[in-house]
Amino acid sequence: MDRKKITIPDLIAKKKNGQKVTMLTAYDYPTARAMDRAGVDSVLVGDSLGNVVLGYESTVPVTMDEMLHHVKAVRRGLTYPLLIGDMPFMSYQVSLEQAVMNAGRFLKEGGCDCVKLEGGTEMAPTVKAIVDAGIPVCAHIGLTPQSVAQLGGYKVQGKDLAGAQKLIDDAGALAEAGASLIVFECIPSPLAAAITANTPMVTIGIGAGPDCDGQVLVVHDLIGLAERTPPKMAKQYVNLFPQLEQAISSYVEEVGSEAFPAEEHGFAMDQAVVDQLKL
Ligand code: KIV
């Protein structure tokens, strides 16, 4: 198959042609390799890194250094998909200069093609400053986990008239500021469909129904690599955690019972050397 690296104009063309865009999160090299081979359009190194890989309670403690460490591993595994780096909490809220500087680090040090940041109308000047510096932006509205304290929990957003109108206004402001893509997290499907139909941004849904331009999932939810049951909006395609636990239990048991390692797992030595060393 003749494949070429996917760019933002390619995703915009998909929107225009009514073809769905696929996005998944990844945090390491082997997962990135699998996504590259499987033909995913874009890979997001999400700050969900904090919850699903680093064992934090939320995304709030994640740092720039942690993000860049994982972005670089994912970069090494990708040839074709668009790579998006998620700006962690407090890496873009303090000043426009700080936001542009940190967004630049995702491109210069991490090899990203685009950065993502959370927030609506209040983030439009930040989006504009980053875009003006030549860095493509993916916005993120609805349930924005970095503001979970302000939102009062992980809840669906935009269910009432005022909430829905706010998200419509946010999308307008972010498009105006130059965002190319936008993630809708946990918003009602009809609202996501209506914004999608009226925005030039490529809309990517997670818990936002089937009518977004594309879909994103946290890969650990898709492959079941977590102790917890996946959230309602996710579909689990394979449940790896019990298999992982089972494989590790078998190893523990076999080392204990000396069933592992067997002869075929070891390395032979020349009989002459054995004899000389009197082994
Ligand atoms: O951090 C993340 O993984 C995300 C996705 C849920 C879109 O923001």
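Residues numbered from 1 in each chain as written. Predicted model: local features only at pLDDT ≥ 70, side-chain atom pairs only at ≥ 80, totals over all residues. Heavy atoms only, no water.

## Digging into the overall build of the protein chain
Under the convention used in this document: Here a strand is any run of E in DSSP of at least two residues, a helix any run of H or I of at least four, and the numbering for each starts at the N terminus. Throughout, exposure labels follow a simple rule: accessible area from a 1.4 Å probe, protein chains only, divided by the maximum for the residue type, with under 20% read as buried, over 50% as exposed, and the rest as partly exposed. Whether two residues are in contact is decided by their heavy atoms, any of which lying within 4.5 Å being enough. In short, Shrake-Rupley with a 1.4 Å probe defines the accessible areas, and a residue's cover is counted only from the protein chains shown. We treat Lys and Arg as the positive residues and Asp and Glu as the negative residues; His and chain ends play no part in the count. Charge positions come from single atoms, namely NZ of Lys, CZ of Arg, CG of Asp or CD of Glu.
Within the protein chain, the secondary structure is distributed over 12 helices and eight strands. Along the first, second and third principal axes, the C-alpha atoms of the protein chain reach 80 × 40 × 35 Å. Taken over 279 residues, the protein chain has a buried fraction of 46%. Partitioning the contacts of the protein chain with sequence separation of at least 6, the portion at a separation of at least 24 is 57%. Of the roughly 14,500 Å² of accessible surface on the protein chain, 58% is carried by carbon and sulfur atoms. Across the protein chain, 23 positive and 33 negative side-chain charges occur, with their mean positions spaced 8 Å apart.

## A short note on helix H6 (residues 124–132)
The complete set of buried residues in H6 reads Ala124, Thr126, Val127, Ala129 and Ile130. The secondary structure elements touched by the buried residues of H6 are helix H5 (96–108), strand E4 (114–116), strand E5 (137–142) and helix H8 (161–177). Glycine 134 occupies a position one or two residues after H6 and carries a positive phi of about 90°.

## With respect to the nonpolar core
Keep this limit in mind: By nonpolar core we mean a set of buried residues, namely Ala, Val, Leu, Ile, Met, Phe, Trp, Tyr and Cys, connected to one another through side-chain atoms within 4.5 Å.
Counting 57 residues, the largest nonpolar core has Phe106, Ile130 and Phe184 as its most contacted members. No other element matches the seven residues that H8 contributes to this core. Excluding residues within four positions of it along the chain, phenylalanine 106 makes contact with Met64, Met67, Leu68, Val71, Gly85, Asp86, Met87, Pro88, Gly111, Cys112 and Val115. Residues Val21, Leu44, Leu181 and Ile206 belong to the second largest nonpolar core, which totals 16 residues.

## Thoughts on the site of the ligand
We count it as follows: Here a residue is considered near a molecule or strand provided that any single heavy atom belonging to it is located within 4 Å of it. Polar contact criterion, stated in full: a pair of N or O atoms within 3.5 Å, where within protein one must be able to donate a hydrogen and the other to accept it, and residues adjacent in sequence count only if both atoms are side-chain atoms.
The local shell around the ligand holds 13 residues, among which Gly46, Asp47, Ser48, Asp86 and Lys116 are the closest. Contacts to the ligand include serine 48, whose side-chain N or O atom sits 2.5 Å from an oxygen atom. Aspartate 86 places a side-chain nitrogen or oxygen 3.2 Å from an oxygen atom of the ligand. Within the complex, the protein chains bury 96% of what would otherwise be the 260 Å² of accessible surface of the ligand.

## Side note on unusual backbone geometry
At the junction of phenylalanine 260 and proline 261, the peptide bond is cis and its omega measures out at 0° in the coordinates. Despite not being glycine, glutamate 258 has its phi angle at roughly 65°, a positive value. Relative to the elements of secondary structure, glutamate 258 occurs in the loop between helix H11 (240–257) and helix H12 (271–277). The backbone phi angle of lysine 278 is positive, close to 55°, even though this residue is not glycine.

## Here we look at a nonpolar patch on the surface
This is how it is decided: Here a patch means residues that are over 30% exposed by relative accessible area and free of salt bridges, tied together within 9 Å if like-charged and within 5 Å if nonpolar (Val, Leu, Ile, Met, Phe, Trp, Tyr). The term salt bridge refers to a side-chain nitrogen of Lys or Arg lying within 4 Å of a carboxyl oxygen of Asp or Glu.
A cluster of nonpolar side chains, Leu244, Ile248, Tyr251, Val252, Val255 and Phe260, forms an exposed patch at the surface whose accessible area comes to about 540 Å². Within the secondary structure, isoleucine 248 sits in helix H11.

## Quick look at the packing of helix H4 (residues 64–77) against H5
Here is the rule we go by: The axes are straight lines fitted to the C-alpha atoms, using for helices just the contacting stretch, and the angles between their N-to-C directions are given from 0 to 180°. The scheme is simple: roughly parallel for angles under 35 degrees, roughly antiparallel for over 145, roughly perpendicular for 65 to 115, oblique for anything else. Crossing chirality is assigned from the near helix's rotation relative to the far helix, an anticlockwise turn below a right angle marking it left-handed and a clockwise turn marking it right-handed. Gly is placed with the polar residues, together with every amino acid not listed as nonpolar (Ala, Val, Leu, Ile, Met, Phe, Trp, Tyr, Cys and Pro) or charged (Asp, Glu, Lys and Arg).
Put simply, H4 and H5 touch, their axes get as near as 10 Å, and they point 20° apart. What the angle tells us is that H4 and H5 run roughly parallel. Helix-helix and strand crossings are classified by hand; for H4 and H5 the assignment is right-handed. Along its contact with H4, which presents Met64, Asp65, Met67, Leu68 and Val71, the element H5 presents Asn102, Arg105 and Phe106. When its residues are assigned to classes, the contact of H4 with H5 shows five nonpolar, one polar and two charged.

## Quick word on the pairing of strand E3 (residues 82–86)
Rule in force here: Strands are treated as partners if at least two bridges between them are detected by DSSP. Think of it like this: strands point away, you trace from the first strand over the helix to the second, and a clockwise trace means the crossover is right-handed.
The element E3 is extensively covered by neighbouring structure, given that five of its five residues are classed as buried. Side-chain alternation along E3 places Leu82, Ile84 and Asp86 on one buried face and Leu83 and Gly85 on a second face that is also buried. One ladder, built from three bridges, connects E3 with E4; its direction is parallel. Paired with aspartate 86 across the strands is lysine 116, a residue of E4. For the crossover that starts at E3, traverses H5 and ends in the parallel E4, the hand is right-handed.

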